[in-house]
Amino acid sequence: MYAPVSSTRRECAHDTIVNGNRLLRKGQKIEVMFWGLHRNPEDWDQGVFGDVDKFNPDRHLAGAPPRHANAQKPFGFGVRSCIGMQFALLEAKTFLCMVFNFFNVQTPPGYEIIPHVGKAFTAAPKDLSFDLSFRAGGPLDRINLFGSFSGETIPLPSKQPEVVTEKESKVNTKNGGSVIIAYGSNSGTCEEFASLLADEVTKDGFDPLVMTLDQAVDKLPNTDSPVLIVSSTYNGAPPDNAGKFKEWMTSLKEGSLNGMRFGVFGVGNSNWESTYQKFPNEIHM
Ligand code: HEM
Ligand SMILES: Cc1cc2nc3c(=O)[nH]c(=O)nc-3n(C[C@H](O)[C@H](O)[C@H](O)COP(=O)(O)O)c2cc1C
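Residues numbered from 1 in each chain as written. Chains lettered and ligands numbered in written order. Predicted model: local features only at pLDDT ≥ 70, side-chain atom pairs only at ≥ 80, totals over all residues.

(A) Seen up close, the overall build of the protein. Across its full length, the protein holds eight helices and twelve strands. Out of the 285 residues in the protein, the part that is buried amounts to 13%. A sequence separation of at least 24 residues applies to 65% of the contacts in the protein between residues at least 6 apart. (Helix = DSSP H or I, 4+ residues; strand = E, 2+ residues; numbered from the N terminus. Buried ≥ 20, exposed ≤ 12 C-beta atoms within 10 Å, placed from the backbone. Contact = placed C-beta atoms within 7 Å.)

Rendered as structure tokens:
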């Protein structure tokens with residue numbers, strides 16, 4: 001409700017009509033107020049949830065009536081949306097889990113949240129402070145700060161012989177031939193998937209060759225080895241190590257991949273609604 005960034009701006013690239021009746025001229029600037037957007041009764045009361053100024057997480061439960069795809073956009077939208085969103089969400093969850101693992105957290109008696117946009121531009125509750133105590137049974141509760149750890153010590157299990165199932169123990173020695181595994185990745189997710197895939201096909205007796213999509217261009221088309229592609233996309237465009245591949249792909253003549261065996265594993269995020277998995281889909285077509 002109190003998105004840390006309270007608004008964003010856009011400038012019209014062309015004359016356009018929004019909501020069917022509002023003319024915006026080229027060059028005109030508009031400010032999108034997230035705090036207003038996140039309280040739009042059409043999306044947040046919906047005749048079900050009531051007062052849009054009230055914190056009510058039920059609004060987000062599965063089964064809530066459908067609402068506009070852009071009804072909640074604290075990280076902005078479209079091609080200029082926040083590039084730190086995934087990091088910020090992960091960081092926030094990690095931080096909260098750590099704090100609540102160690103401490104009981106309470107606001108001082110009588111404190112009421114007053115939303116406040118301070119000098120730092122982002123919003124934060126005014127004059128917020130916390131009273132912290134060690135959580136009963138939590139890690140700090142069991143430590144004598146001036147001595148040593150006073151909790152029970154748990155004996156380490158003596159080393160057992162490793163029991164490995166038949167399936168896991170045997171790397172299939174049958175020679176399945178080589179497999180090209182090509183990935184397009186900026187921040188490492190698809191690179192990691194490619195390496196996991198390489199481990200899997202090795203167990204099945206294949207000989208994987210892992211490379212970026214751009215490196216794969218020199219090896220394609222290839223009818224000898226199956227080709228497995230794992231790729232993400234950024235605003236619908238290829239990742240940085242797949243630009244050359246995209247050029248190569250778009251220059252292909254009809255039928256030039258005849259006889260080639262390939263599979264595509266697309267990776268994306270549906271927050272980018274209109275370009276969700278766009279590049280992997282293009283490869284697949
Ligand atoms: C809770 C934390 C955060 C919030 C609420 C937030 C929110 C936003 C918003 C609303 C925008 C403008 C988007 C638009 O106009 O459509 C933005 C842009 C941006 N954010 Fe964040 N952000 C957060 C954390 C981060 C982090 C951790 C990073 C960097 C690691 C980051 C980097 C950026 C960058 C570089 C842009 C400009 C993107 C562009 O203009 O193409 N943000 N952020
Ligand atoms: C700036 C930015 C733009 C993105 N654009 C899209 C997009 O258009 N479509 C999509 O499906 N996913 C999009 N994503 C999500 C990424 O594809 C997703 O995070 C993926 O896991 C990244 O994989 P990688 O680490 O292998 O590059 C975008 C992510 C960022 C940070």
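Now, onward.
(B) Expanded view of the site of ligand 2. In the neighbourhood of ligand 2, 22 residues make up the surrounding shell, with S185, T189, S232, G268 and W272 lying closest. The residue makeup of the shell around ligand 2, split by class, is seven nonpolar, 14 polar and one charged. (Near = placed C-beta within 6 Å. Nonpolar A, V, L, I, M, F, W, Y, C, P; charged D, E, K, R; others polar.)

(C) The sheet that holds strand β10 (residues 206-212), seen in detail. Pairing in this open sheet of four strands is parallel, and the strands run β10-β9-β11-β12 from one edge to the other. The strands lining the two open edges of the sheet, one partner per strand, are β10 and β12 (262-266). Strand after strand, the sheet turns through a mean of 20 degrees between neighbouring axes, direction not considered. One ladder, built from five bridges, connects strand β11 (residues 227-231) with β12; its direction is parallel. Along β12, the bridge assignment pairs V230 with F265. (Pairing = 2+ DSSP bridges. Axes fitted to C-alpha atoms, helices over the stretch in contact; angles between N-to-C directions.)

(D) A look at helix α5 (residues 189-203). Between the first and last C-alpha of α5 there are 22 Å, a value that for 15 residues agrees with the 21 Å anticipated at 1.5 Å per step. When α5 is considered as a whole, its buried residues turn out to be C190, A194 and L197. On an axial view of α5, the arc spanned by its buried residues comes to 65 degrees, and they lie on one face. Pointing more than 90 degrees away from the buried face of α5 are the exposed residues L196, D199 and K203. Those residues of α5 hidden inside the fold are in contact with β9 (177-184), β10 and β11. Immediately beyond the C-terminal end of α5, within one or two residues, lies G205, with a positive phi of roughly 90 degrees. (Expected span 1.5 Å × (residues − 1). Arc of directions from axis to C-beta.)

(E) View of the site of ligand 1. Around ligand 1 there are 15 residues in total, and T8, G76, C82, G84 and A88 lie nearest to it. Here the shell around ligand 1 is built from residues that sort into ten nonpolar, four polar and one charged.

(F) Main features of the nonpolar core. One finds I181, A182, Y183, L213, L228, I229 and V230 to be the most contacted residues of the largest nonpolar core, which totals 19 residues. Elements represented by at least two residues in this core include exactly β9, α5, α6 (213-216), β11 and α8 (278-284). In terms of residue count, β9 provides more of this core than any other element does, five residues in total. Setting aside anything within four residues of it in sequence, one finds A182 in contact with M211, T212, L213, A216, V227 and I229. (Core = buried A, V, L, I, M, F, W, Y, C linked by C-beta atoms within 7 Å.)

On their own, these measurements won't tell you what the molecule is for.
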